[in-house]
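Next come the chains, spelled out residue by residue.
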Amino acid sequence: MSTEVVMPQMGESIAEGTITKWMKKVGERVERDEPLFEISTDKVDAEIPSPAAGTLTEVRFKEGDTVEVNTVVAVLDGDQAAAASEAPAAKPAEEPAAKVEPPAPAPAPPPAPAPPPPQQAAPPPTPQAPPAPAPPSPVASEANKDGSAATAEELRRTKSSPLVRKIAQEHGVDISKLEGTGLSGRVTKNDILSFIESGTGTAAAAPTQRAVPSAPAPAPTYEPVAPPPPKPQVGDRVEQMSVMRKKIAEHMVLSRRTSAHVTTVYEIDMTRIARLRDQHRDAFYERTGTKLTFMPFIFEAVNKGLRKFPIFNAQVNGEQIIYKQDINLGMAVALDWGLIVPVIKRADDLSISGLARAANDLADRARTKQLKPDEVTGGTFTITNPGVFGGLFGTPIINQPQLAILGVGKIEKRAKVLTSPDGDDFIGIRWMAYFALSFDHRVIDGSDAERFLAFVKEQLEAGDFSV
């Protein structure tokens, strides 16, 4: 019996994964739960175990291919290893065969609609309709909105990943009109983002509701003058982006397009937290086996703030706001090869010691690539700490689909004007830090952001924590 191996979904918001390495070759034996291939997503790099024991008889995607979740990537067969080992060359060719016919641009590049009219009366917008790879009736049933039949090529494009279709819908783009670079001409995330970045063709797609907000900023910047791509000069070093770096880039650009970013900054006196930390540092390490840093206190103050202001622990789904029941704190961890955000699940149920242990454990395993997929998904609010590198503050980008992110600047001693109980002003040395809160102005008002950060400031400056 053969077993199909599919691309797993590594998180609720993950629609695709990139195969970075095959651990086994066609014809090799693999045991159940033995690592079969490695994948990379914008959340995590992971080894995927074999779902069953058998012989690897078919590999449908090569290393470097980005594959939609739940797509069959390989086949295992324990009974027909020898016979099936020749299948890989024939089987994958079936699907690309549909793509071998579409290269109609060669005979007539500009007027693409001229060659296709043989069998289906497709409308002019169809760029390159093949003769008839799919039966007309099912294709027409889910094709063009005006009732005309869609070509197989159009259908492949509109069958792109859910994430691609969501981006296209948000920006009013008809993906059936795009040239896809994915399997069988499917439009990938890079294709749709590049098209939106160029600012071209949106009028023909859906100029009704979403064209108004998306037009102002990109049009004057990108449409008139598109700078040529930079070319390396003699002595320059050219390095290919890693899969993680490409995913980070896509995620950041998508977030800037999705959320209306606004940042507010507060200066917070961390002196009482510093004293509490110094007072309990040694005993805390002996009791828990982990270091006591400033971050667990910040986590707890944020937990209280999220309970008091639940909009900061929410997500947007179209015209609905989803208020999340659990507080799952994401903590950005800088790696030598990129950035990752492990998640402390149900953080508000943990004490200071529990938060410290969880944070230090996740950070250590992130740096050694030992995180599990569910440990980097499901975050509801993120905290990033550029202060460890000396930064006073930054304006962090929201980690989608969350609605806010808190950046913690460098905690250092500064001269501060203080007032005595008698009303006299004097200069004192205090542990101070800037806290920057970036929030999504679509659903969070500035007044709510000020109240939230003022509450966190009040909690930290009071220093009323149990260690």
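Residues numbered from 1 in each chain as written. Predicted model: local features only at pLDDT ≥ 70, side-chain atom pairs only at ≥ 80, totals over all residues. Heavy atoms only, no water.

> Can you help me understand the overall build of the protein in this one?
Helices and strands together make up the secondary structure of the protein, namely 14 helices and 19 strands. Relative to its 467 residues, the protein shows a buried fraction of 44%. For the protein, the share of sequence-separated contacts (at least 6 apart) that also reach a separation of at least 24 residues comes to 63%. (Helix = DSSP H or I, 4+ residues; strand = E, 2+ residues; numbered from the N terminus. Buried < 20%, exposed > 50% of the residue type's maximum accessible area, 1.4 Å probe, protein only. Contact = heavy atoms within 4.5 Å.)

> Would you explain the sheet that holds strand E1 (residues 2–6) in this entry?
Either a parallel or an antiparallel arrangement is found when strands of a sheet pair, and the pairing is made through backbone hydrogen bonds. Taking strand neighbours across the sheet as the criterion, the 4 strands line up as E1-E8-E6-E3 in an open arrangement whose pairing is antiparallel. The open sheet terminates on both sides in strands that have one partner only, identified here as E1 and strand E3 (29–30). As paired elements, E3 and strand E6 (residues 54–59) share 2 bridges and run antiparallel to each other. Counted as the bridge partner of valine 30 is glycine 54 from E6. (Pairing = 2+ DSSP bridges.)

> Please clarify how the packing of aromatic side chains should be interpreted in this entry.
The geometry of two aromatic rings is summed up by the distance between their centres and the angle between their planes. Evaluation of the coordinates by the stated rule reveals 7 aromatic pairs. Aromatic side chains tryptophan 22 and phenylalanine 37 sit 5.0 Å apart centroid to centroid with 40° between the ring planes, which places their arrangement in the tilted category. In this pair, tryptophan 22 is assigned in strand E2 (residues 16–22) and phenylalanine 37 in strand E4 (residues 35–40), connecting sequence segments 15 residues apart. In this structure, tryptophan 22 and phenylalanine 37 share a single accessibility class: buried. On the basis of an interplanar angle of 65° and a centroid distance of 5.8 Å, the ring pair of phenylalanine 393 and tyrosine 434 is categorised as edge-to-face. On the criterion of sequence distance, the pair formed by phenylalanine 393 in the loop between strand E16 (381–384) and strand E17 (404–408) and tyrosine 434 in strand E19 (residues 425–440) is long-range, its members being 41 residues apart. (Phe/Tyr/Trp six-rings, centres within 6.5 Å; stacked < 30°, edge-to-face > 60°.)

> I keep staring at the confidence of the model for the protein and nothing clicks. Help me out?
One rule of thumb: low pLDDT means the predicted coordinates there are not for detailed reading. Scored by pLDDT, the protein comes out at a mean of 79, with 73% of its residues at no less than 70. Confidence over residues 80–150 falls short of pLDDT 50; this stretch has 78 contacts with residues more than four positions distant or in other chains. (pLDDT = per-residue confidence, 0-100.)

> I tried to follow a nonpolar patch on the surface on my own but got confused; where do I start?
Taken together, the side chains of Val265, Leu392 and Phe393 present a nonpolar region at the surface, about 250 Å² in accessible area. Phenylalanine 393 sits in the partly exposed class, given a relative accessible area of 45%. (Patch = residues over 30% accessible without salt bridge, like charges linked within 9 Å, V, L, I, M, F, W, Y side chains within 5 Å. Areas by Shrake-Rupley, 256 points an atom, 1.4 Å probe, with all protein chains shown as cover. Salt bridge = Lys/Arg side-chain N within 4 Å of Asp/Glu carboxyl O.)

> How do you make sense of helix H13 (residues 352–367) when you look at a structure like this?
Helical geometry note: an α-helix holds 3.6 residues per turn, so side chains three or four residues apart project in the same direction. Taking 1.5 Å of rise per residue, the 16 residues of H13 would be expected to cover 22 Å, and the 23 Å separating its terminal C-alpha atoms lies within 8% of that figure. Among the residues making up H13, those that are buried are Ile352, Ser353, Gly354, Leu355, Ala356, Ala359, Asn360, Leu362, Ala363, Arg365 and Ala366. Buried residues in H13 make contact with helix H11 (271–288), helix H12 (295–308), strand E12 (329–331), strand E13 (333–335), strand E14 (338–340) and strand E15 (343–344). Residue lysine 369 follows H13 closely and has a positive phi angle near 60°. (Expected span 1.5 Å × (residues − 1).)

> Explain the packing of H12 against H13 here, please?
For any two helices packed against each other, one specifies the inter-axial angle together with the distance between the axes. H13 packs onto H12 with a crossing angle of 115° between their chain directions and a minimal axis gap of 9 Å. As for how H12 packs across H13, the hand of that crossing is right-handed. Only Ile352, Leu355, Ala356 and Ala359 of H13 make contact with H12, whose side of the interface consists of Pro296, Phe297, Phe299, Glu300 and Asn303. Each residue belonging to the contact of H12 with H13 can be placed in one class, and the counts come to 7 nonpolar, 1 polar and 1 charged. (Axes fitted to C-alpha atoms, helices over the stretch in contact; angles between N-to-C directions. Left-handed = near helix turned anticlockwise from the far one by under 90°. Nonpolar A, V, L, I, M, F, W, Y, C, P; charged D, E, K, R; others polar.)

> Help me understand helix H14 (residues 446–462), please; the structure alone is not making it clear to me.
With 17 residues, H14 should cover 24 Å at 1.5 Å per step; its first-to-last C-alpha distance of 24 Å lies within 8% of that length. Residues of H14 that are buried: Ala449, Phe452, Leu453, Phe455, Val456, Gln459 and Leu460. Projection of H14 onto a plane perpendicular to its axis shows the buried side chains occupying an angular sector of 150°, all on one side. Of the surrounding elements, those touching the buried residues of H14 are strand E9 (261–269), H11, H12, E16, E17 and E19. (Arc of directions from axis to C-beta.)

> Mind showing me how you'd approach the sheet that holds strand E7 (residues 66–68) here?
Ordered in space as E5-E4-E2-E7, the 4 strands form an open sheet in which the pairing is antiparallel. Each edge of the sheet is formed by a strand with only one pairing partner; in this case those strands are strand E5 (45–49) and E7. Each neighbouring strand pair of the sheet contributes to a mean axis angle of 40°, computed without reference to strand direction. The pairing of E2 with E7 spans 3 bridges and is classified as antiparallel. Opposite glutamate 16, over in E7, you have glutamate 68 as the bridge partner. On the sheet, helix H10 (residues 243–258) packs against E2, E4, E5 and E7 and is oriented at approximately 170° with respect to E2.

> When you look at the pattern of salt bridges in this model, what are you seeing that I'm missing?
Where charged atoms from two side chains of opposite charge come close, those side chains can pair. Evaluated as defined, the whole model comprises 21 salt bridges. When the shortest N-O distance is used, the salt bridge between glutamate 267 and lysine 416 registers 2.8 Å. Of the two residues, glutamate 267 sits in strand E9 while lysine 416 sits in strand E18 (residues 412–419), which places them 149 residues apart along the sequence. By relative accessible area, which is 22% here, glutamate 267 ends up partly exposed. Judged by its relative accessible area of 26%, lysine 416 falls in the partly exposed class. In this structure, glutamate 375 and arginine 365 form a salt bridge, with 2.8 Å as the shortest nitrogen-oxygen distance. Within this pair, whereas glutamate 375 is found in the loop between H13 and E16, its partner arginine 365 is found in helix H13, the two being separated by 10 residues in sequence. Relative accessible area serves as the criterion here: at 17%, glutamate 375 is assigned to the buried category. With relative accessibility at 19%, the residue arginine 365 sits in the buried group. Members of the salt-bridge network, linked through shared partners, are Glu267, Lys410, Glu412, Arg414 and Lys416.

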